Structures are given as C-alpha cells and as structure tokens.
Amino acid sequence: MAQALGPDSLRDHREGGRPKWDNKFQYFLSCLGFAVGLGNVWRFPYLCQTHGGGKPVAAPVPRPVPGWEVPLQEIRQRGRGGADTAVSAGLGCLVASFLISLYYNTILTWVLWYLLNSFQQPLPWSSCPTDLNRTGFVEECQGSGAVSYFWYRQTLNIAADIKDSGSIQWWLLVCSAACWAIVYMCIIRGIETTGKVSRRALTPTQLPPASRTPVRVRCVPASYGLPDSFQMQTLQNPRVWLDAATQIFFSLSLAFGGHIAFASYNPPRNNCKRDAVAVALVNSVTSLYASITVFSVLGFKATNDHGQCLDRNVLSLINEFDLPEQSISRDSYLAALAHLNTTQPERVARLSLKTCRLEDFLDKSVAGPGLAFIIFTEAIVHMPGAPTWAILFFGMLFALGLSSMFGNMESVIAPLLDVGVMPRWVPKEALTGLVCLVSFLLASCFTLQSGNYWLEIFDNFAASLNLIILAFLEVVGVVYVYGMKRFCDDIAWMTGRRPGLYWRVSWALASPLLLLTIFVAYIAFLAQKPPSYRAWNPQHERFPEWQEKRYPGWVLAACALLSLLPTLCILVAALAQLLARHTRRRRPRDALPNADTDRDTDTR
C-alpha cells in the first residue's frame, strides 16, 4: 500500500472508469473559477477601504494551505492508505459545502433577477413607483431611496422581524429554479461538462475586471488610501492581520473540498506545487484588479453624492437670500457660505445645511450584497448607457458565482459517488439531479420574506467557523497523522522535487498556528457581542437606518446547530470507523475457539 504505483497500476487506474481532464488548461480554469468568486468583488475591496486603502494587501499572510490541499487527493490515487486519516474530514467538507451551496445559489438567484430587470430603459431601480392614488410616490421609497426600495421591497419584500417568515416570493422561487436548472445542466456529467463550460463560457470573467470599468467613471482620488497603505502603525493592529488572513482563506475556497475533488481527476504524477502556486497568485491578482473597478465605481458614486449634497445646500442658500439662479456654483459654495456666515450668521444658522465632505462619502464602506445590489446599482443609474453596464456587471457576477458553484457541487457529488451511496446501475445524472432537486427544495426557505435574515445566519455560522475547523483538521491530519516525511515523499514522487524548507515550516507551524489564531479570534469577537441582526423596518423611528435586534432563543439554537453540524458529522464518522476496526479485530479471536473445536472434533 505504501509503495509507488507502477505502470500496471497506473494503467488500471485510468481504465477504472474515472474521468480525466481533457487538458491542463481546463483543470486550471476550473480551479480558478472555483477560487475566484463573489468574495473577490465585494469583500476584498471592502476590507481595503475599511483599513484605509491597502492594509490587507500589505499584510504578508502566508499562503501555504493550497500546497497540501491540491495534492491530497492525488496521494490517495497513488494508494497511500494513511492519507485517508487526513481525508476523514471529507464528510465534514461535504456537509459544509452542501450548506454553503444552498445560500450561495440564492445569491445567484438575486443576481439573475437583477440581470433580467436590467433589460429595461430606464432601469426599474432608477425612480420610485407611484402610490395607489397616483398622486405621489410610495412613502417607504421616499424615505429610503429608489435603489434601496427596489432591493428590500420589490426584490426581497423583506419582513420587519425574523420571527415573521411571511410568504414565498414567487419571482425569487422561479429564479431559484432557473439557477438550479442551469447548475444541473452544467454539472450533469461532472468535469466532462463543467470543464467545457469553464473553458468556453467563463474565460472572460477571469480577465482583468478593470477592463469592464466605464471610461467616464471618475476614479477615487489618488490621495485616498494609497500613501498610508504601508504604514507600520496600521500593521500593528491585530484586526488587520485577522481580516487579511480570513480574506485569503475564504478567497482561495479552502476546506470546501472542491480543490481536492478537482485534483482527483488529474493523473497521479502531476506538478501539484505549480498548480497551487498559480491558482493562489492569479486569485490575488484578480482581487487587486477587482479593487480598481470597485474603487472607481465607489469614487464615481461618492463624487455624484457629494455634488448632489452641494446642490441641495446651494438651493437652500439661494431660496433663503433671494439670490439669482446659478449665482452660486459648487466650486464657489464654500466661499459664499463663509461670506454669508460673516454677514448674516443668524439666517444661515436657521438653515438645515448638511456637511458635504467628499471623504465622508468615500468612507461609507459596505460589503456583501449591499455593495452589489445597492451601491453598484445606484452608481450604474448615473452612468451613460446604464442598462448596458447593468447587464455587463450582473452578467459578470452570475458567471463568477456559477463557476464557484461548480466546485461546491463537485465537493458534494464526488464523495457520494466515491463511497457508493447509490447502486452502480443508477447513472450519475440521476444522482446529480437528485442533489440539485433536494438543494432547491431546501433553499426555497431563502425566498421567504425572512429569507435574507436566514441567509446571513448561514453565511456567518455555517461557513466561517466550520471551514476554519475543517482546514485545521486537514493540515493536522496531513502533517502529524499521515506524517510530514511521507507527505514530502509523495510530492517528490509526483513533482520530482521535495518541498523546500518554506513549505515544510509553513505546513508544520505557520498554517496550524494561523488557523488556530483565526479560530480563537473569531470566537473572541463573537463572545464580545451577543449575536444580533439588522432588520429593515419602515416603522422604525430612525428609518431608513437599520433596527438592531437580538436573535430569539430558537434562532440561536439553529445558529449553534449550523456551527456544529459538520464537526458532529466528523465525530460520528470517526466513532463509526473505530467501531468497525474494533469489530474486525475481534472476529479472528472469536473464530479461533471454533476452529480449535472443529480440529478436536476431526481428531476424535
């Protein structure tokens, strides 16, 4: 079992019926599409903006984890039975990937809904709808804005409390069915179909996203965030390192099981080191280029909002002091305000003038769906040819999310096929369809009026904590259970070279310590503040601000279950393996007396 596979073994492996990648580029694009997802567009730029422009980029977080996850399945192909100890966390990865796929495809549902609504002129989120009497605009829209109203009311129809589940929104249910149907058609035959889709349809999404930036978008001022990006004082903040490490971890889609599943279709002798480094580098470069686009759009929106703020103040001054129209411009506003404050301060004080600073609008950072469905959509409204840019933007998001779904579903379907949960006469297409159907039915809970709140729960509790635990178990299993020497021997057999000192130190010390630090810090941050959620309540006295609410007890129990479910599955699987081994060891002992008795009987 511990010996290298010879030519005969390799031939038997290829003839065993397991599919193979058509070419190396197909495998690379599939891994890249799985790693490069929606987080590169709306989480990485948010962290950069939060910490002043570039601190998460400056934090040199080690990235050795893909180096052991990519070759792990290839080692199993070689026949090294001890590697199964490290892959025993595969059941936890399967459960975690299944839970993540449920809400990740819901985000694709929202993207598809916006994409379909982008084929209109004007865009439906560009203005408020009229009320029932057609004498004015809807009050909720006037208070929150057209973009927020379209998102929270016309798309989600969100409830004011998580306890109010509400009804299923049929338009979201139809879009969800369409998304799962598209996913099924793309993964119906495994890598035979996903590889072709990744190569032919998803290649444009891996091009620099900056090429999609409108030419007339005003970029963020160069002085914002760049000069202070590499100040050591900021790097001394532990939260910067935590955010940087967490971003790299989730951006590479580690511990999902997708990279392991994709690598299982490679030949046993494969340069896994080159694959891991290439995917990590291209993923980081894509994040940087995505930041250029995001900062450009945010800069355009901030400039536009700043101008509108100045226009409202200018109009108030003109009306109060009966000045000629266009007598005060945006550029001369501060000088005119200073002059009026000096000559007639009492009248100026009576005006409700707002402070209009461009930096304040630039500092309004937001991540997740709020960035895509509120900030970006509002910026697109003010761009020339808005529907065209909306179609390009949401088309790009849909392609990015779809490529990530391939890896998520492969993490679920490949283990089910390998362990033989279905009889061999059942075709793979039927198992894939069954998984997609069950996923669609379970994900229908996100189309309820409280679905957005539950999606946040899944994102916070089913993904983050579980993936950190699974990655820690994987690296500990590889290094300390399977053995560093055996692992390095396997990589030398596959690549022709043993891993250097950097890789060995990273696997043995840096990766476990980093993951353990992230886990402890994550628990500490959760303990500082009880879990709560922000509700969209038009009856709130500070509306359109969010209303902070505490989760009820039964929701907290659901949060705890989501956080522990993959880990519990691992423990149950480990106990089952121990019982099976104990039973196999006892059977020969039980058989010995019977054999002796039979021998005595024959003698007599």
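Cut-off values and rules
- Residues numbered from 1 in each chain as written.
- Predicted model: local features only at pLDDT ≥ 70, side-chain atom pairs only at ≥ 80, totals over all residues.
- Heavy atoms only, no water.
- UniProt positions renumbered as here; feature names shortened; annotations may be inferred.
- Helix = DSSP H or I, 4+ residues; strand = E, 2+ residues; numbered from the N terminus.
- Buried < 20%, exposed > 50% of the residue type's maximum accessible area, 1.4 Å probe, protein only.
- Contact = heavy atoms within 4.5 Å.
- Areas by Shrake-Rupley, 256 points an atom, 1.4 Å probe, with all protein chains shown as cover.
- Expected span 1.5 Å × (residues − 1).
- Arc of directions from axis to C-beta.
- Axes fitted to C-alpha atoms, helices over the stretch in contact; angles between N-to-C directions.
- Left-handed = near helix turned anticlockwise from the far one by under 90°.
- Nonpolar A, V, L, I, M, F, W, Y, C, P; charged D, E, K, R; others polar.
- Disulfide = S-S within 2.5 Å.
- Patch = residues over 30% accessible without salt bridge, like charges linked within 9 Å, V, L, I, M, F, W, Y side chains within 5 Å.
- Salt bridge = Lys/Arg side-chain N within 4 Å of Asp/Glu carboxyl O.

- As annotated in an unreviewed UniProt entry, the protein chain carries the name Solute carrier family 6 member 18 and is attributed to Propithecus coquereli.
- Reading the Subcellular location (unreviewed entry) entry of the UniProt record for the protein chain gives the comment "Membrane".

## Here we look at the overall build of the protein chain
In step 1: Across its full length, the protein chain holds 26 helices and two strands.
In step 2: Burial statistics for the protein chain: of 604 residues in total, 50% are counted as buried.
In step 3: In the protein chain, the share of contacts with a sequence separation of at least 24, taken over all contacts with a separation of at least 6, comes to 81%.
In step 4: For the protein chain, the exposed surface amounts to about 29000 Å²; the carbon and sulfur share of it is 60%.

## Observations regarding helix 12 (residues 170-187)
In step 1: The end-to-end C-alpha distance of helix 12, which contains 18 residues, comes to 26 Å, matching closely the 26 Å that a straight helix rising 1.5 Å per residue would cover.
In step 2: Buried residues of helix 12: Trp 171, Leu 172, Cys 175, Ser 176, Cys 179, Trp 180, Val 183, Cys 186 and Ile 187, and no others. All buried residues of helix 12 fall inside an arc of 165° around its axis, so they share one side. For helix 12, the exposed residues lying more than 90 degrees away from the buried face are Trp 170, Val 174 and Met 185.

## Notes on unusual backbone geometry
In step 1: Cis rather than trans, the peptide bond between Gln 121 and Pro 122 has omega equal to 0°.
In step 2: With respect to the helices and strands, Pro 122 occurs in the loop between helix 9 (90-117) and helix 10 (139-144).
In step 3: With an omega dihedral of 20°, the bond running from Phe 543 to Pro 544 counts as a cis peptide bond.
In step 4: With respect to the helices, strands and loops of the structure, Pro 544 is situated in the loop between strand 1 (532-535) and strand 2 (547-550).
In step 5: The phi dihedral of Gln 326 is positive, around 60°, even though this residue is not glycine.
In step 6: Along the chain, the position of Gln 326 falls in the loop between helix 17 (272-321) and helix 18 (333-343).

## Describing the packing of helix 9 against helix 11 (residues 146-155)
In step 1: The contact between helix 9 and helix 11 brings their axes to 13 Å, and the two run at 115°. With respect to the hand of their crossing, helix 9 and helix 11 are arranged in right-handed fashion. Judged by residue contacts, Trp 110, Trp 113, Tyr 114 and Asn 117 of helix 9 engage Phe 150, Trp 151, Gln 154 and Thr 155 from helix 11.
In step 2: When grouped by side-chain class, the residues that make up the contact of helix 9 with helix 11 number five nonpolar, three polar and no charged.

## Thoughts on the state of the cysteines
Each disulfide is one covalent bond, formed between the sulfur atoms of two cysteines.
In step 1: By the definition in use, this model includes two disulfides.
In step 2: Bridging Cys 309 to Cys 356, the disulfide has an S-S length of 1.9 Å. Across the S-S bond linking Cys 309 and Cys 356, the dihedral sits near -75°, which makes this disulfide left-handed. With Cys 309 in helix 17 and Cys 356 in the loop between helix 19 (345-350) and helix 20 (358-362), this residue pair connects regions lying 47 residues apart in the sequence.
In step 3: Residue classification places Cys 309 among the buried positions, given a relative accessible area of 3%.
In step 4: Assigning the bonded cysteines of the protein chain consecutive numbers by sequence position, one obtains the connectivity 1-2, 3-4.

## Re the side chain of Thr 447
In step 1: One can find Thr 447 in the loop between helix 23 (428-443) and helix 24 (451-495).
In step 2: Residue Thr 447 is classed as buried on the basis of its relative accessible area, which comes to 3%.
In step 3: When neighbours within four sequence positions are excluded, Thr 447 is seen to be in contact with Ser 167, Ile 168, Gln 169, Leu 172 and Leu 173.

## Re the UniProt feature "binding site: Na(+)" (unreviewed entry) in the protein chain
In step 1: UniProt's feature table lists "binding site: Na(+)" (unreviewed entry) at Gly 33, Ala 35, Val 36, Asn 40, Ser 251, Asn 283, Leu 400 and Ser 404, given in the numbering used throughout. Across 372 residues in sequence, these annotated residues keep their C-alpha atoms within 12.7 Å of one another, forming a single compact spot.
In step 2: By the secondary structure assignment, Val 36 is in the loop between helix 2 (24-35) and helix 3 (38-42).
In step 3: Position of Ser 251 relative to the elements: it lies in helix 15 (residues 238-251).
In step 4: You can call Ser 251 buried: its relative accessible area is 7%.
In step 5: When residues no more than four places from it in sequence are discounted, the contact partners of Ser 251 are Ala 35, Asn 40, Asn 283 and Ser 287.

## Section: helix 21 (residues 369-381)
Helical geometry: 3.6 residues make up each α-helical turn, so side chains three or four residues apart lie on a common side.
In step 1: Here helix 21 spans 17 Å end to end across 13 residues, near enough to the 18 Å set by a 1.5 Å rise per residue.
In step 2: With 10 of 13 residues buried, helix 21 is to be regarded as a mostly interior element.
In step 3: Buried residues of helix 21: Gly 370, Leu 371, Ala 372, Phe 373, Ile 374, Ile 375, Phe 376, Thr 377, Ala 379 and Ile 380, and no others.
In step 4: The elements touched by buried residues of helix 21 are helix 3, helix 9, helix 11, helix 17 and helix 22 (386-419).

## A closer look at a nonpolar patch on the surface
In step 1: Taken together, Val 419, Val 421, Met 422, Leu 434, Val 438 and Leu 442 make up a surface patch of nonpolar side chains, about 490 Å² in accessible area.
In step 2: With three residues, the single largest contributor to the nonpolar patch is helix 23.
In step 3: Along the chain, the position of Val 438 falls in helix 23.
In step 4: A relative accessible area of 35% places Val 438 in the partly exposed class.

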